[in-house]
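Listed here are the chains, written in short residue letters.
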Amino acid sequence: MNTTYRLRHPDKPPLQVTDTEGYWQMKDTVVRHEQLVLRVLGFNMSSRHPHQYALHFLQDLNGSEELAILTWSLLNDSLRTTLCLQYKPEPIACAAIYLAAEMMNQQIGRDGEWWHKFGTNRHEIEDICMQMLNLYEESDSVLCEADMGSNLKYKDLFSEKNISLKVAVPADRKQSKNSKLDS
């Protein structure tokens, strides 16, 4: 708790355990909120990560190693969102593969909507991709980096000119103001 307090208030001195007013009140508040989160989650703290699914899907789709590296990095970054609470791991893995393929201008699968094969639909892909893209718009994001072979780094792929999400998104669902969307 002291570590978090110091990170949020670097100009203030650390909390003192003997300070009955501040420290213990904050600790009780944290414990109450933790209990609330546990109740909401039904005390089920196990989750399946999309990483293993992505690797299997990429193998099935004959994806390149570079595509796997970028997909893995996108999935690592997605752990900073609430996607794992909103969706099963399969759609998250498909969306990361889709987004990585679009960023690298690689064709995935023979048929246009290859994600149906993995139990995912277009709506899920669109929503997950939008949430992932929104993560990169935050100015204070510290994100994973993948070396893509040349001098181009992972974070460079997210410049406005490099992102082209080619899924149909209704006008009222366009949340991203800096990314280009092709309807």
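Refer to the structure presented above.
Rules used throughout
- Residues numbered from 1 in each chain as written.
- Predicted model: local features only at pLDDT ≥ 70, side-chain atom pairs only at ≥ 80, totals over all residues.
- Heavy atoms only, no water.
- Helix = DSSP H or I, 4+ residues; strand = E, 2+ residues; numbered from the N terminus.
- Buried < 20%, exposed > 50% of the residue type's maximum accessible area, 1.4 Å probe, protein only.
- Contact = heavy atoms within 4.5 Å.
- Core = buried A, V, L, I, M, F, W, Y, C linked by side-chain atoms within 4.5 Å.
- Expected span 1.5 Å × (residues − 1).

Focus: the environment of P13
In step 1: For P13, the position within the fold is in the loop between α1 (2-8) and α2 (22-40).
In step 2: The class for P13 is exposed, based on a relative accessible area of 59%.
In step 3: Linking P13 and N2, residues 11 residues apart in sequence, is a C-alpha distance of 9.9 Å.
In step 4: The residues touching P13, leaving out its near neighbours within four places in the chain, are Y5 and R6.

Overview of the nonpolar core
In step 1: The biggest cluster of nonpolar side chains holds 33 residues, and the ones touching the most others in it are L74, I97, W114 and M132.
In step 2: Among the secondary structure elements, those contributing two or more residues to this core are α3 (51-60), α4 (65-78), α6 (89-103) and α7 (122-137).
In step 3: If one sorts the elements of this core by residue count, α6 sits on top with 11 residues.
In step 4: Contact partners of I97, with chain neighbours within four places excluded, come to A54, F57, L58, L61, L67, T71, I108 and W114.

Observations concerning α2
In step 1: Taking 1.5 Å as the rise per residue, α2 with 19 residues should run 27 Å; its terminal C-alpha atoms sit 27 Å apart, in good agreement.
In step 2: Positive phi shows up at G42, right after α2, with a value of about 65 degrees.

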